[in-house]
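So the chains spell out like this:
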Amino acid sequence: MRKILTGNYAVAEAVKLADVEFIAAYPITPQTTIVERLAEMVERGELNAEFVRVESEHSALAAVYGASAGGLRAFTATSSHGLLYMYEMCWWVANSRLPVVMAVVTRTIGPPWNIHTEHTDILTLRDTGWIIAMSENAQEALDLTLLGFKIAEQVNLPFAIGLDGFQVSHTAEVVDVPESLDGFLPKRERFFVIEPGNPITVGGLTENECSMTIRKEMAKDMERVGELVRNSGYVRDYDLVEEYRMEDAEYVVISMGAWCGDMKDAIDILREKGVQIGMLRLRFVRPFPKEFVEKLDCKVLVVDRNYSVGLGGIIATEVKSIANCDVHGIVAGLGGVDVGVDDFVSMFRKFVRGELKGWWP
Amino acid sequence: MVAIKDLSKEKFVLPGTTACQGCPHVLGLKALGMVLGDRAVLVVPAGCTTIIAGLKDRASLKFPLLHVPFASGPAVATGLSSAFKRLGKYGIPVVWMGDGASDIGFATLSGACIRKDDMIVIVSDNEAYMNTGIQASGTTFWKAKTTTSPAGKKEEKKDLALIMLMHRADYVATASVGYLQDFISKLERAKEIEGFRFIHLHSPCPPGWGFDSSETVEIARMAVKCGAWILWEFDGELKISAPSRPYADKSKRLPLKEYIRAQRRFRHLSDEDIKEIEKKIDEQWKALK
């Protein structure tokens, strides 16, 4: 069914379709309208879930952790400072192998206070063991949330879906909402459930080797994600990346998130002028789509809306560690600074001419 | 009053725990097993009990057990209790936490309590961060020496149970490992009630307080007898519990000096210091009477 939905409402629709049983949330802009909508759905009886108003993001993920350990399908959402506040629990959930799903509406980390989009917040998850997806628009926000539950429960790793603050979260678009999921998301047996009368211990002290084994096993399951995404059986086909006008491309732009729409427009404009340029849009950051980067044989530009002070753009750094060709990184749009189609046209032109520096503007 | 001989003989604390000699937590955990049996599902934030529970498969506790980050205990139990309800499981989440976890996780106590989430929270209070090597906490006794208060604690001592009472918890009690029968009957009562139940258990720590490991129970009883630790229960109304009742009358109390002088953590205190503490204790009684 086609509906007009913001990215945040699209996520809420997906959570409803997934028959989530437990939601705990704490308000933070620009995430709040996801959980507001979910609270309404629960109050109206459209969604048979428990909705818990917790005292912090740390508690939101702690409660979701408890519910998931007890066997429930559980969800939360956050942004920026909220994600940082719950950071400890992010690791706890991942190493406990609980298939929790969380929407991260990306927002700049302060100070100064800034509610606009930047991707540095969600990228703090990159070493935790969460699967990390990044949507381009409301449709993808819905689809990746549904895929999130499916994949998370298949590999027993938590799943984060990124949405750019305001650009996706608060922008209304036409979204195709599946009427029903037709068995796409069956209830799955958990490999452990905490319940009375079953004296198992999770998370206690072990020999050091056990900590290492856990991370190794997580890596193995993370490796399976690409194949599972490609063969998910969802109504639309997805992969870890979107390849846009990549045929015969001599120049390839790598980036992620909402502004990739503008980048594609810029690519169209340059293509008309005869520039052989295309785009590899990262739909997933973890697992990192290594196989797509490895096979590139062209000049690569990575546009990062995030920054690791002292080294550079995070995605550019990762691409450089994998690619077998020239990679140039540029950092742009931090703090939600607007970068539009015209900017991308001139940015890509400079790149083609070999005149591009490391920051935009 | 519950007769201990009528309680389950099943052991939930197994032989060979890694607890220190004379550990008060083990006494409390044994009582918990006797009353709640296999209905108890433990949520344990970082603390002494992380160690007591044992290494990997050499576990010492026969409860289902989630080890959780320091500041998360009651919030995790919120999720767990929701799962038990929804899935029709006959379990009670029991957050077994220390005084340190109730410092760092204070907001989680507050949140779970106002929501009346279904759980029993037991703060087994040994009056310092003992697991990390005796550092002062919010409930560390006035003027007590710890490794972070080498000249004696200067801050106030917070009264957790009264704070939880002010949240309108469904059930609040204080207890002591020196009066296990009183603790057991409070657990029995807590088990019957639904909602947020809070028990603040006084747990003297031999290495942390500086007394012989054979004297845990004796020191716990002295704390009650000198009036420093008051046993009470709120179950619709607030009542001083039987073991503490005589000490509402100050003249019946054991001299505070005897309690203080029995512990190395107070070795530096002057008679003046003890008088100051005595005033604090008198105020504590006034608030409850």
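The structure displayed is predicted, hence computed values, not measured ones.

Draft legend 1. Fine view of the overall build of chain A. Counting secondary structure elements, chain A contains 13 helices and 16 strands. Here the C-alpha radius of gyration of chain A, 20 Å, is about what a compact globule of 361 residues would show, namely 21 Å. The burial tally for chain A puts 61% of its 361 residues in the buried class. Within chain A, contacts between residues at least 6 apart in sequence are counted, and of these 81% link residues at least 24 apart. As displayed, chain A has an accessible area near 14100 Å², and 50% of this comes from carbon and sulfur atoms. The distance from the centre of the 36 positive side-chain charges to the centre of the 52 negative ones in chain A is 2 Å.

Draft legend 2. Looking closely at the environment of K145(B). All names here are of chain B. Structurally, K145 can be placed in the loop between β4 (119-125) and α6 (160-166). Accessibility expressed as a relative area gives 35% for K145, which makes it partly exposed. Considered as a pair, K145 and F266 are 121 residues apart in the sequence and their alpha carbons are 6.4 Å apart. Here K145 is in contact with P150, G152, R265 and H268, once residues within four sequence places are set aside.

Draft legend 3. Representation of helix α1 (residues 24-36) of chain B. All names here are of chain B. Spanning 13 residues, α1 covers 18 Å between terminal C-alpha atoms, matching the ideal 18 Å at 1.5 Å per step. Of all 13 residues in α1, 10 are buried; the element is thus mostly enclosed. Residues P24, H25, V26, G28, L29, A31, L32, G33, V35 and L36 constitute the buried set of α1. Phi turns positive, to about 55°, at G37, one or two residues after α1.

Draft legend 4. Region of the structure containing the environment of F192(A). Residues and elements named next belong to chain A. Along the chain, F192 turns up in the loop between β8 (173-176) and β9 (201-202). Sequence separation of F192 and V20 is 172 residues, and the distance between their C-alpha atoms is 19 Å. Apart from residues lying up to four places away in sequence, F192 is in contact with A69, S96, L98, I200 and V202.

Draft legend 5. Structural view of the nonpolar core. Of all hydrophobic cores here, the largest spans 172 residues; its most connected members are F75(A), W130(A) and I254(A). If one sorts the elements of this core by residue count, helix α7 (residues 138-155) of chain A sits on top with 10 residues. Two domains each donate at least three residues to this core, and these are domain 1 (2-230) and domain 2 (241-360) of chain A. Counting residues in hydrophobic clusters, the runner-up holds 37 residues, among them L29(B), A31(B), L42(B) and Y171(B).

Draft legend 6. Here's a closer look at the packing of helix α10 (residues 260-272) of chain A against helix α13 (residues 341-353) of chain A. All names here are of chain A. Remark: α10 packs on α13, axes separated minimally by 8 Å, with the N-to-C direction vectors making an angle of 55°. As the angle between them shows, α10 and α13 are arranged oblique. As for the relative orientation of α10 and α13, their crossing is right-handed in sense. Taking contact as the criterion, the partners of D262, M263, D265, A266, I267, I269 and L270 in α10 are, on α13, V341, F344, V345, F348 and R349. Per-class residue counts for the contact of α10 with α13 are nine nonpolar, no polar and three charged.

Draft legend 7. Layout of the domain arrangement of chain A. Residue and element names in this part refer to chain A. Domain assignment breaks chain A into domain 1 (2-230) and domain 2 (241-360). For domain 1 and domain 2, the distance between their C-alpha centres works out to 27 Å. Each side of the interface is counted separately: domain 1 has 29 residues, and domain 2 has 28 residues. Here domain 1 packs against domain 2, burying approximately 2100 Å² in sum over the two surfaces, 57% of which is carbon and sulfur.

Draft legend 8. Spatial organisation of the sheet that holds strand β7 (residues 232-234) of chain B. Taken in spatial order, the nine strands line up as β9(A)-β2(B)-β1(B)-β3(B)-β4(B)-β6(B)-β5(B)-β7(B)-β8(B) in an open sheet, and their pairing is mixed. The sheet terminates laterally at β9 of chain A together with β8 (238-240) of chain B, the two strands that pair on one side only. Sheet topology places β9(A) next to strand β2 (residues 65-68) of chain B; two bridges connect them, and they run parallel. What sits directly across from V202(A), in β2(B), is L66(B). The strands touched by α1(B) within the sheet are β1 (40-45), β3 (92-97), β4 and β6 (196-202) of chain B, with β3(B) carrying the most contacts at an inclination of about 170°.

Draft legend 9. Focus on the sheet that holds strand β10 (residues 241-244) of chain A. All names here are of chain A. Spatially, six strands are ordered β10-β12-β11-β14-β15-β16 in an open sheet, and the strand pairing comes out mixed. Lying at the two open borders of the sheet, with one neighbouring strand each, are β10 and β16 (359-360). Sheet topology note: the strand β15 (residues 327-332)/β16 ladder contains two bridges and is parallel. Within the sheet, the bridge partner assigned to V331 lies in β16 and is W359. Set on the sheet, α10 makes contact with β10, β11 (251-255), β12 (277-282) and β14 (299-304); between it and β12 the angle comes to about 165°. Across the sheet, α13 touches β11, β12, β14, β15 and β16, and the angle it forms with β14 is around 140°.

Draft legend 10. Helix α8 (residues 208-223) of chain A, seen in detail. With 16 residues, α8(A) extends 24 Å from end C-alpha to end C-alpha; this agrees with the ideal 22 Å at 1.5 Å per step. Contacts made by the buried residues of α8(A) are with α5 (87-95), β6 (131-134), α7, α9 (225-230) and β13 (284-286) of chain A.

Draft legend 11. Representation of the packing of aromatic side chains. In total, this model carries 15 aromatic pairs over all chains according to the counting rule given. Look at F191(A) and F192(A): their rings are 5.5 Å apart centre to centre, the planes differ by 75°, and that puts the pair in the edge-to-face class. On the basis of relative accessibility, which here comes to 55%, the residue F191(A) falls in the exposed class. Between the aromatic rings of F70(B) and Y129(B), the centroid separation amounts to 6.1 Å while the plane-to-plane angle is 80°, which identifies the pairing as edge-to-face. Here Y129(B) lies in the loop between β4 and α6 and F70(B) lies in the loop between β2 and α3 (73-86), a separation of 59 residues in the sequence. The partly exposed category is assigned to F70(B), whose relative accessible area is 24%. A connected cluster of aromatic rings, assembled from ring pairs, spans F141(B), W142(B), Y259(B) and F266(B). Positioned over the ring face of W259(A) is R305(A), at 4.4 Å from the centre of the ring. In this structure, R39(B) packs its charged tip against the face of Y90(B), placed 3.9 Å from the ring centre.

Draft legend 12. How the structure looks around a nonpolar patch on the surface. Where nonpolar side chains cluster on the molecular surface, the patch consists of L205(A), I51(B) and L55(B) and spans about 200 Å² of accessible area. Structurally, L55(B) is set in the loop between α2 (48-52) and β2.

Rules of the game
- Residues numbered from 1 in each chain as written.
- Chains lettered and ligands numbered in written order.
- Predicted model: local features only at pLDDT ≥ 70, side-chain atom pairs only at ≥ 80, totals over all residues.
- Heavy atoms only, no water.
- Helix = DSSP H or I, 4+ residues; strand = E, 2+ residues; numbered from the N terminus.
- Rg over C-alpha atoms; globule rule 2.2 N^0.38 Å.
- Buried < 20%, exposed > 50% of the residue type's maximum accessible area, 1.4 Å probe, protein only.
- Contact = heavy atoms within 4.5 Å.
- Areas by Shrake-Rupley, 256 points an atom, 1.4 Å probe, with all protein chains shown as cover.
- Lys, Arg positive; Asp, Glu negative; His and termini not counted.
- Charge placed at Lys NZ, Arg CZ, Asp CG, Glu CD.
- Expected span 1.5 Å × (residues − 1).
- Core = buried A, V, L, I, M, F, W, Y, C linked by side-chain atoms within 4.5 Å.
- Domains from an automatic or database assignment.
- Axes fitted to C-alpha atoms, helices over the stretch in contact; angles between N-to-C directions.
- Parallel < 35°, antiparallel > 145°, perpendicular 65-115°, else oblique.
- Left-handed = near helix turned anticlockwise from the far one by under 90°.
- Nonpolar A, V, L, I, M, F, W, Y, C, P; charged D, E, K, R; others polar.
- Buried area = accessible area lost by both parts, 1.4 Å probe.
- Pairing = 2+ DSSP bridges.
- Phe/Tyr/Trp six-rings, centres within 6.5 Å; stacked < 30°, edge-to-face > 60°.
- Lys NZ or Arg CZ within 6 Å of the ring centre and 35° of its normal.
- Patch = residues over 30% accessible without salt bridge, like charges linked within 9 Å, V, L, I, M, F, W, Y side chains within 5 Å.
- Salt bridge = Lys/Arg side-chain N within 4 Å of Asp/Glu carboxyl O.

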